[in-house]
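Descriptive analysis of the structure
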Amino acid sequence: MSRLNPLTPLGLLLVLGAAVSFVLDGVALVGLHGWLVVVLACGLRVGVAELARTHLVFVPFALGVLMTNAVSRSGAVLAELGPLDVTDVGVRVGLALALRVLVVAVPAVVVGRRTDPTRLVVAAMQHLPLRPRGGFAVLTAHRMLADMPQRWQLLLAAGRSRAPLDRRGAPRLGVCGYARAAMGLLVGGIRRGNRIADALDVRGIGAPARTARLQEPFSRADALVAAVVVLGAVTAAVGPSTAVGP
Amino acid sequence: MRARWKTRDVMLTVVLGVTFGFLYWALVQAWTALSVLAGPFGDLTQHVLLGGWLLVAPVAVAITRRPGSGVVAEVMASIVEVVFLGSPVGPMLLIAALLQGVGSELPFALTRYRRFGWGIYAVSGALGALLVFGFSAARAGWFGSDLLALRLGLQIASGVLLGGLLARVLVSALRRTGVLESFAIAREPAPART
Amino acid sequence: MSALRIRDLTVRTAQGRTLLAGVDLDVDPGEQVLLVGPSGSGKSTLLRVVAGLDPAPGGTVTGSVVVAGQEVIGRDPELDHPPLDVGWLPQDPAAGVCLPVVLDDVAFGCENRAWPVPRIEAAVAAALRAVDAWEWRDRDSGTLSAGQAQRAGLAAALAPRPALLLLDEPTALLDPGALRGVQAVVSALQSPAVMLVEHRLDEWADAGELPRRVVALEGGRVIADGPATRVWSQVGPALARAGCHLPWSLEATLPGPELDGAAPLPPSGSPGRVSPGASLLATTGLAVGRESAVLTDVEVSVRAGEVVAVVGSNGSGKSTLLHTLAGELRALAGSIDRAGGRPALVLGDAEQQFLAATVAAEVAFDGAGAEVVEATVAALGLDPEASVHRLSGGEQRRLSLATVLQGERAVVLADEPTHSLDRAGVRWTVRALRAVADAGRGVLLTSHDLRFVLEVADRVYVVRDGRLLGGGATAEVLAGELLVLAGLPLPAAARARLRGAAA
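The numbers attached to residues start from 1 for each chain and follow its sequence in the written order. Chains carry letters and ligands carry numbers; both start at the beginning, A for chains and 1 for ligands, and go up in the order they are written. For this predicted model, a pLDDT threshold of at least 70 governs which residues receive local features, and a threshold of 80 or more governs which side-chain atom pairs are given and counted, while totals over whole chains, interfaces and linings are taken from all residues. Excluded from the side-chain calculations are hydrogens and water; all other atoms, namely the structure's heavy atoms, are used.

Concerning the overall build of chain C
For helices the rule is a DSSP run of H or I covering at least 4 residues; for strands it is a run of E covering at least 2, with both sets numbered from the N terminus onward. Along chain C, the regular secondary structure elements total 19 helices and 20 strands. The C-alpha radius of gyration computed for chain C amounts to 23 Å, which stays within 12% of the reference 23 Å derived for 503 residues, consistent with globular compactness. C-alpha atoms of chain C, sized along the principal axes, occupy 70 × 50 × 50 Å. Only protein chains enter the calculation, and the probe is 1.4 Å; a residue is then buried if its accessible area is under 20% of its type maximum, exposed if over 50%, and partly exposed in between. Looking at chain C as a whole, 57% of its 503 residues are labelled buried. What makes two residues a contact is simply this: any of their non-hydrogen atoms within 4.5 Å. The contacts of chain C with a sequence gap of at least 6 include a subset with a gap of at least 24, amounting to 68%. For the accessible areas, the method is Shrake-Rupley and the probe is 1.4 Å, while residue cover comes only from the protein chains on display. When the accessible surface of chain C is totalled, it reaches about 18300 Å², and 50% of it is carbon and sulfur. Positive charge is attributed to Lys and Arg, negative charge to Asp and Glu, and no charge count is given to His or to the chain ends. Working definition for charges: the position is that of NZ of Lys, CZ of Arg, CG of Asp or CD of Glu. Positive and negative side-chain charges of chain C, numbering 44 and 59 respectively, have mean locations separated by a distance of 3 Å. We take the radius of gyration over the C-alpha atoms and set the globule estimate at 2.2 Å times the residue count to the 0.38 power.

So, in structure tokens, the structure goes:
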């Protein structure tokens, strides 16, 4: 991935997401997902453990989609759950939608984790209409995001430090405490954003002409990878369906 | 005079996007919990909480008064969700966020970023919810499902409450903290405290 | 051409408050100037104006400020180019270095001046070498220690070769070792003129030398300008009374009670039934850390009625220890006996601690009664309806401390309680913490300010190589070798005073 322009994998993900939006065929989705897992495992050297963990994160959501759809569509009744009918159409559509969740979400998270923010922003400033002011603001925000879990913990610690204690001597923060912490996170972020904006202004972020020291050109590798991934995806999606027959 | 984005406006919009992206993650946790509780109707809980996802756009617009700030903040938040926190909707969330942002910002744009009453916030939330509903419905094949009207009703109500009226409450709370002094919102007289 | 020429600079806020009134100042190329004054005297406002930033949104700025031939007033920092010929290192390390990679951040200013790439590469390398940061140029800036971050920020400010360098308390968060690192870079500078706002005058002087020229501000006016010795003799006592940080040797000649004035203290909650001297908090074989242990075999105790300090360098695990004792982090090994119940924690960054919008609401957050709230607000001398986020750094620090002290938890853990306070604020904090101990509670604090530790603490622990050592009486520990071994030498003036007291 270090040899690709960071916009290439991201563009592929978008194309994939858009294309899959029109697919409700379970077999095609299984084939497609298999191909994507192969691309991630071989192309990006993603380990089995990481792939498994990433899948697990989305399983509860996928199951929810399956269940709701199974009982909310008209079709031949397969089973009765109290007042609800599980239909064949419902199960088929639900399965396809649940699969679609995995197809779009897993590669997005895996690729996202491996995208270098600086390279991505540099590429976007070079090839997309992103101006330096916005680009560098996004980069500074990336650092703020990295600090955010810690800031959140500090705010909660401050709340627990002053909250009333329950009988066991543990602090009770309550929903209100969390809401205040969320507000604190927001206000603190705005203050810090103001300070960073000042620092960027002093350093001349608004310059009409600036040197782009870093470059992210597209290369033949980008075209090659894009072609292989897309052709493979089409084959994997269409192949099994044709083999199985309508 | 053309409204020029200052560095602070850009930073604020981006900061709002990132912070809400992070807080949305908390909302996702609530959503997961709620959908487990709701059993087979878990999928419906997304409509109840959808308005929360619309919140950032009207907040950004109201503070900076810059055309496009709502859309940018909303898309930033969705990038944070997809790339860093992981979203089951995947990269299509970016498109959904774009639609939400456009829907939420449209009422403010039509009034030339001059009116910020309760009504316009409510319309903003409703419009954002409606636009993203059309998108989701097409993707998930809700048309023809028994629950279409219920889904739509829940989603619009949530948009008005969480994505519209709550935004106004939040904006006035932020204004009272005094951290918005250098933004366009500070150039109009403070509203009476309610 | 002078590096800076200020004539009749006046700044008023939108509310009509005067921040600067008719300031005149000249700084020659390469000259280094120390800017002193009590909090609210206009030091930061002056630096902001010179940096080309709006010091008061909606307010007015009149007069003339010329930096290396460029007029600053009326200039739009976002439209007029090239950028001003200044480098600026703000207090917040996160604003000093804000891009993800150190090297990119240092190159940023040069890129904005549209220099050709080879010139940028050369300037960046020179700046990184000057601050001894070349080794970690490719590091993620979020992983730097506070000292490294300030040095990288200094490199970023220096790389475009500015005519004037503005340093706003660059060492506020640093341990003495890291301070020496920053100080060494600044005093070795040949070319840019320097305007420095700095509170840690003794350590700065011990590390090398302070700028010879001192400019004193009070109430937005220049009240003295000249060689340090002359300024101290002219306005030293007046500055001390106004709460300004001064060299230790100078302050020692002034009467203490007069400096403290009659500033009221915040009320201290009562810890309930605790007998004096009873153990409130004690650990056995404690190991603390977030992922891996940074401190092991910690044996620390806090008894009712005492103030205990922990000193150590940046990143030695002091804050982690406090958060673990507070119950916010899991102990990696060993045990904690919280006989005094769950401790209250004062965070190192005061602004992180606020949970309400106004001063009054913040004070009342823990459900304190109206009388307590009133007493605390009065002790702070703040408008109860003021927004907590618009207070000065020092006011925020005192508010965050007072709200915790007014509570009833028997143990108070305070992380750097004097950070960003002026000297009057430090003395107020000493009295407030002593009052809390006298009420039968116990205090455990961390601090880089050894003068403060000497004044407030009964006992001191020193962190060295992942262990917590010492724990004896303050004067003994501070005068001993342990401190030097831990890389925290006591300022020369303090050493002399301790020896004098012992003799």
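Still to come is the rest of the account.
Topic: the interface of chain C and chain A
Accessible area lost when the parts come together is the quantity often used to give the size of an interface. Each side of the interface is counted separately: chain C has 60 residues, and chain A has 44 residues. Buried surface area refers to the total accessible area, computed with a probe of radius 1.4 Å, that the two partners give up upon joining, counted for both partners together. Of all residues in chain C, C:Phe108, C:Gln352 and C:Leu355 bury the most surface against chain A, accounting for 13% of the area lost on that side. The salt bridge definition used is simple: a Lys or Arg side-chain nitrogen within 4 Å of an Asp or Glu carboxyl oxygen. Counting every contact that joins chain C to chain A gives 9 salt bridges. Put simply, A:Arg195 and C:Glu351 hold a salt bridge, and the shortest N to O gap is 4.0 Å. Any pair of nitrogen or oxygen atoms within 3.5 Å is treated as a polar contact; in protein, a donor-acceptor pairing is required on top of that, and neighbouring residues in sequence qualify only through side-chain atoms on both sides. For the pair chain C and chain A, the interface holds 20 residue pairs in polar contact (both at pLDDT 80 or more). Those elements that provide at least two residues to the side of chain C that touches chain A are β6 (86-89), α2 (93-96), α3 (102-112), α4 (117-130), β16 (344-346), α12 (359-363) and α14 (393-405) of chain C. In terms of residue count, the dominant contributor to the side of chain C that touches chain A is α3(C) (9 residues).

Regarding the domain arrangement of chain A
Throughout, the edges of the domains are those of an automatic or database domain assignment. Domain boundaries assigned for chain A yield domain 1 (7-115 + 218-244) and domain 2 (122-202). Computed over C-alpha atoms, the centres of domain 1 of chain A and domain 2 of chain A are 33 Å apart.

Regarding the packing of helix α5 (residues 146-158) of chain C against helix α6 (residues 176-188) of chain C
All names here are of chain C. Where helices are involved, their axes are fitted lines through C-alpha atoms of the stretch in contact, as for all axes, and angles between N-to-C directions lie from 0 to 180°. The geometry of α5 relative to α6 is characterised by a closest axis approach of 9 Å and an angle of 15° between their N-to-C directions. Regarding the angle of α5 to α6, the classification is roughly parallel. The way α5 lies across α6 gives a crossing that is right-handed. Counted together, Gly-147, Gln-150, Arg-151, Leu-154 and Leu-158 of α5 and Ala-178, Gly-181, Val-182, Val-185 and Val-186 of α6 form the full contact between these two elements. Three classes are used: nonpolar for Ala, Val, Leu, Ile, Met, Phe, Trp, Tyr, Cys and Pro, charged for Asp, Glu, Lys and Arg, and polar for all others, with Gly counted as polar. Grouping the constituent residues of the contact of α5 with α6 by class yields 6 nonpolar, 3 polar and 1 charged. When describing relative orientation, an angle under 35 degrees is termed roughly parallel and one over 145 degrees roughly antiparallel, while 65 to 115 degrees is termed roughly perpendicular and anything else oblique. Crossings are sorted by hand: turned counterclockwise from the far helix by less than a right angle, the near helix makes the crossing left-handed, and turned clockwise it makes it right-handed.

Topic: the confidence of the model for chain A
Residue-level confidence of the predictor is summarised by pLDDT, bounded by 0 at the bottom and 100 at the top. Across chain A, pLDDT averages 87, with 97% of residues at or above 70. Taking the mean pLDDT of every element in chain A, the minimum, 78, falls on strand β1 (residues 77-81) of chain A and the maximum, 93, on helix α5 (residues 117-127) of chain A.

Observations regarding unusual backbone geometry
Residue and element names in this part refer to chain C. One non-glycine residue, Asp-132, lies in the positive phi region at around 60°. As for its position among the elements, Asp-132 is in the loop between α4 and α5. Of note, the phi angle at Asp-465 is positive, near 50°, even though the residue is not glycine. Mapped onto the secondary structure, Asp-465 falls in the loop between β19 (459-464) and β20 (467-473). Here Asp-465 falls in the exposed class, since its relative accessible area comes to 66%.

A few points about the interface of chain A and chain B
Contacts between the two partners involve 54 residues from chain A, matched on the other side by 49 residues from chain B. With both chains or domains summed, chain A and chain B bury close to 4200 Å², and 75% of this area falls on carbon and sulfur atoms. Between chain A and chain B we count 1 salt bridge in total. Notably, a salt bridge pairs A:Asp198 with B:Arg8, separated by 2.9 Å at the nearest N-O pair. Listing elements by their share of the side of chain A that touches chain B, those giving two or more residues are α1 (7-20), α3 (48-71), α4 (88-113), α6 (132-162) and α7 (174-202) of chain A. Ranked by residue count, the leading element in the side of chain A that touches chain B is α7(A), at 15 residues. Each residue belonging to the side of chain A that touches chain B can be placed in one class, and the counts come to 33 nonpolar, 14 polar and 7 charged.

Describing the sheet that holds β16(C)
Residues and elements named next belong to chain C. Two strands qualify as a pair provided that DSSP identifies no fewer than 2 bridges between them. The mixed open sheet is built from 6 strands, whose spatial order is β16-β17-β18-β14-β19-β20. Each edge of the open sheet is held by one strand with a lone partner, namely β16 and β20. Along the sheet, successive strands turn relative to each other by an average axial angle of 20°, direction set aside. Alignment of β19 against β20, held across 5 bridges, turns out to be antiparallel. Paired with Arg-464 across the two strands is Arg-467, which belongs to β20. Here helix α11 (residues 318-325) sits on the sheet in contact with β14 (307-311), β16, β17 (411-415), β18 (442-446), β19 and β20, set at roughly 155° to β17.

Here's the deal with the sheet that holds strand β2 (residues 18-27) of chain C
Residues and elements named next belong to chain C. Reading across from one edge, β2-β1-β4-β5 is the order of the 4 strands in this open sheet, with antiparallel pairing throughout. Each end of this open sheet is capped by a strand with a single partner; those strands are β2 and β5 (70-71). In this structure, strand β1 (residues 4-12) lies alongside strand β4 (residues 60-67), joined through 7 bridges in antiparallel fashion. In the strand pairing of β4, Arg-7 is matched with Ser-64. Contacts between helix α1 (residues 43-50) and the sheet are confined to β1, β2 and β4, with β1 contributing the most and set at about 120° to the helix.

Considering the pattern of salt bridges
All names here are of chain C. Tallied over the full model, the rule gives 31 salt bridges over all chains. The partner of Asp-465 in a salt bridge is Arg-464, and the shortest N-O contact between them spans 3.6 Å. When its relative accessible area of 29% is taken as the criterion, Arg-464 is described as partly exposed.

Remarks on the environment of C:Leu444
Residue and element names in this part refer to chain C. Relative to the helices and strands, Leu-444 is located in strand β18. Residue classification places Leu-444 among the buried residues on the basis of a relative accessible area of 0%. Between the alpha carbons of Leu-444 and Gly-470 there is a distance of 14 Å; along the sequence they are 26 residues apart. If we skip the residues at most four places from it in the chain, Leu-444 touches Val-300, Val-302, Val-308, Val-310, Leu-322, Leu-325, Val-412, Leu-413 and Ala-414.

Comments concerning a nonpolar patch on the surface
A cluster of nonpolar residues, A:Leu56, A:Val59 and A:Leu63, forms a patch on the protein surface that exposes about 270 Å² of accessible area. Its location among the elements puts A:Leu56 in helix α3. Each patch is built from residues lacking any salt bridge and having more than 30% relative accessible area; the joining distance is 9 Å for like charges and 5 Å for nonpolar side chains (Val, Leu, Ile, Met, Phe, Trp, Tyr).

A few points about the side chain of C:Arg441
Residue and element names in this part refer to chain C. Relative to the helices and strands, Arg-441 resides in the loop between α15 (423-438) and β18. Of the side chains with opposite charge, Asp-366 comes closest to the buried, unpaired Arg-441, at an N-O distance of 8.4 Å. From its side chain, Arg-441 meets the backbone oxygen of Arg-409 in a polar contact 2.9 Å long.

A word on the pairing of β17(C)
All names here are of chain C. Along β17, 5 of the 5 residues are buried, which leaves the element largely enclosed by surrounding structure. Of the two faces of β17, the one carrying Val-411, Leu-413 and Asp-415 and the one carrying Val-412 and Ala-414 are both buried. Bridge count for β16 against β17 is 3 bridges, and the pairing is parallel. Across the sheet, Ala-344 pairs through a bridge with Val-412, a residue of β17. Of the pairings in the sheet, the one linking β17 to β18 comprises 5 bridges and is parallel in character. Looking across to β18, one finds that Val-412 is bridged to Val-443. Handedness of a crossover is defined as follows: with both strands directed away from the viewer, a clockwise route from the first strand across the helix to the second makes it right-handed. The parallel pair β17 and β18 is bridged by α15, and the resulting crossover is right-handed.

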